[in-house]
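# Topology and contacts: notes
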Amino acid sequence: MATLDIFNNDAFSVTNLSQTIVDIPQVQTILGDSGLFAESGITTTSMMIEREGSSLRLVPAAQRGGVGQPVSLTGRSMIPLVATHLPQTGSVLADEVQNVRAFGSETEVESVMNIFKKKLAVAKGNLDLTIEYHRIGAIKGQILDADGSTVLANMYTTFGMTQATQNFILGTAGTRVKDKIADLKRTIRTKLGGRSFSGVEVLCSATYFDSLTRHATIEKAFELFNQNSYARNDPRGSAFVFADVTFREYLGGVGATDFIPAGEAYAYPTGVSGLFQTAYAPAPYMETVNTTGLPYYAKQEAMDFNKGVELEAQSNPINFCTLPESVVKCLSA
């Protein structure tokens, strides 16, 4: 019969519990599955982004050996970013362990680990959803806490930029939507300051996507696009490519609350290296101090009077956009 002594087994160490939660399949998250955010680990609880304020410009031709165009810098700035601590707690009580018996080829450790895996799976699902929420916040410009109002990070304040907004006026039948899309691409190109990009993608709320695809100047093109929909099996949701821009319906949310509010959409350039990033800081444990951060950590500790063990799962991410002004907020009305 299993006893609480088994928690001294190496299987329940920080290293092995953290690897266990990493191995649990990720819940479906649109941004997490798309790979839009480049992931890395850091050894500290914060990081600094160095930005040079110089803009890119073309270099004029000159005679060989002649005087070249001078390179000037308009100043440097160091931008601090701090990890968000996301802890989840639970417990495994003595009674849950007491009635676990080894069966067949299973050992007591394996049997009790199954209890841990079930609880870690719930915790990881919550963490994955929260990281997705923070990533969409990095795109929108504000990362909010779980209450939906407390601002954890403001991309525009942090980087000293302002948000670009464009109204597509989709409620008016006479709006030339193709012209609006051309303006959108020009705005993004200007905000990138000469950086190359491969395309533009727009994450849309359900109402924005409907208003776009039902607009008088777009509806026919949307119908033609969908004629070959059987050849495009995209698990990220409905999408529509028009004028070389991909409009994607974003369905992420919690309950009745959508992560992208009704009537809004957010356009960003694709193919820009390092534009969106997620850095993971180490957990605040003695075992993990100054080590490279992992996406998830898990640890257990005995309760008072040995009545069970406390279980903690956590993540410490920094989600950010290095050039937030290149993201354009689009309105439908």
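Below: a short report on this structure. Keep in mind the model is a prediction, meaning the values are calculated, not measured.

The rules behind each value
Residues numbered from 1 in each chain as written. Predicted model: local features only at pLDDT ≥ 70, side-chain atom pairs only at ≥ 80, totals over all residues. Heavy atoms only, no water. Buried < 20%, exposed > 50% of the residue type's maximum accessible area, 1.4 Å probe, protein only. Helix = DSSP H or I, 4+ residues; strand = E, 2+ residues; numbered from the N terminus. Pairing = 2+ DSSP bridges. Axes fitted to C-alpha atoms, helices over the stretch in contact; angles between N-to-C directions. Contact = heavy atoms within 4.5 Å. Salt bridge = Lys/Arg side-chain N within 4 Å of Asp/Glu carboxyl O. Phe/Tyr/Trp six-rings, centres within 6.5 Å; stacked < 30°, edge-to-face > 60°. Lys NZ or Arg CZ within 6 Å of the ring centre and 35° of its normal. Expected span 1.5 Å × (residues − 1). Arc of directions from axis to C-beta.

## Here's the deal with the pairing of strand 10 (residues 245-249)
Extensive coverage of strand 10 is indicated by the burial of 5 of its 5 residues. Of the two faces of strand 10, the one holding Val245, Phe247 and Glu249 and the one holding Thr246 and Arg248 are both buried throughout. Pairing of strand 9 (residues 239-242) with strand 10, which is carried by 4 bridges, proceeds in the antiparallel orientation. Bridging across to strand 10, Ala239 finds its partner in Arg248.

## Thoughts on the sheet that holds strand 4 (residues 86-93)
The strand order across the open sheet built from 3 strands is 4-16-15, with neighbouring strands paired in antiparallel fashion. Each end of this open sheet is capped by a strand with a single partner; those strands are strand 4 and strand 15 (297-302). Adjacent strand axes in the sheet meet at a mean angle of 20 degrees when their direction is disregarded. Each of strand 15 and strand 16 (308-315) touches helix 1 (residues 14-23); the most contacted strand, strand 15, lies at about 130 degrees to it. In this fold helix 4 (residues 108-140) packs onto strand 4, strand 15 and strand 16, with an angle of close to 165 degrees to the strand it touches most, strand 4.

## Quick look at the side chain of Ser205
Relative to the assigned elements, Ser205 resides in the loop between strand 8 (199-204) and helix 7 (206-213). Looking at Ser205, the relative accessible area reads 2%, which means it is buried. When sequence neighbours within four positions are dropped, the list of residues in contact with Ser205 reads Ile260, Pro261, Ala262, Gly263 and Glu264.

## Quick word on unusual backbone geometry
Even without a glycine there, the phi angle at Asn290 is positive, about 65 degrees. Checked against the element boundaries, Asn290 lands in the loop between strand 14 (276-280) and strand 15. The phi angle at Asn306 is positive, at roughly 60 degrees, despite the residue not being glycine. Tracing the chain through its elements places Asn306 in the loop between strand 15 and strand 16. What makes Asn306 partly exposed here is its relative accessible area of 45%.

## With respect to the sheet that holds strand 17 (residues 317-321)
Spatially, the 3 strands line up as an open sheet ordered 1-14-17, and their pairing is mixed. Edge positions in the sheet fall to strand 1 (38-41) and strand 17, since each of these pairs with one other strand and no more. Averaged over all pairs of adjacent strands, the angle between their axes in this sheet comes to 20 degrees, without regard to strand direction. Direction of pairing for strand 1 relative to strand 14: parallel, over a ladder of 4 bridges. Following the sheet pairing, Glu39 is matched in strand 14 by Thr278. Contacting strand 1, strand 14 and strand 17, helix 4 crosses the sheet at an angle of about 25 degrees to strand 17.

## Some details on the pattern of salt bridges
Two side chains of opposite charge can pair, provided their charged atoms sit close to one another. If you walk through the whole model with that rule in mind, you get 7 salt bridges. Residue Arg176 pairs with Asp179 through a salt bridge whose shortest N-O separation is 2.6 Å. You can call Asp179 partly exposed: its relative accessible area is 35%. A salt bridge links Arg248 to Glu201, with the nearest nitrogen and oxygen atoms 3.5 Å apart. Separated by 47 residues along the polypeptide, Arg248 in strand 10 and Glu201 in strand 8 bring together distant segments of the chain.

## Considering the packing of aromatic side chains
Enumeration according to the criterion identifies 11 aromatic pairs in this entry. The interplanar angle of 40 degrees and the centroid separation of 4.8 Å between the aromatic rings of Tyr133 and Phe259 together place this pair among those described as tilted. A residue pair is termed long-range when its members are at least 10 positions apart, and Tyr133 in helix 4 and Phe259 in the loop between strand 12 (257-258) and strand 13 (264-270) qualify at 126 residues. Per residue, the accessibility class of Tyr133 equals that of Phe259, and both read buried. Taken together, Phe209, Phe222, Phe225, Phe240 and Phe242 form an aromatic cluster joined through their ring pairs. For Lys299, the ring lying beneath its charged end belongs to Tyr285, and the centroid distance is 4.8 Å.

## Observations regarding helix 4
Residues separated by three or four positions in an α-helix point in the same direction, a consequence of the helix having 3.6 residues per turn. Under the 1.5 Å per step criterion, the end-to-end length of helix 4 is 48 Å for 33 residues, consistent within 8% with the ideal 48 Å. Residue Gly141 follows helix 4 closely and has a positive phi angle near 115 degrees.

## Side note on helix 6 (residues 177-191)
Relative to the 21 Å expected for 15 residues at 1.5 Å per residue, helix 6 spans 21 Å between its end C-alpha atoms, a close match to the ideal helical length. Among the residues making up helix 6, those that are buried are Val177, Ile181, Leu184 and Ile188. The buried residues of helix 6 occupy an angular sector of 55 degrees when projected down its axis, which confines them to one face. Looking one or two residues past helix 6, Gly193 carries a phi angle of roughly 60 degrees, positive in sign.

By themselves, these figures tell us nothing about what the structure is for.
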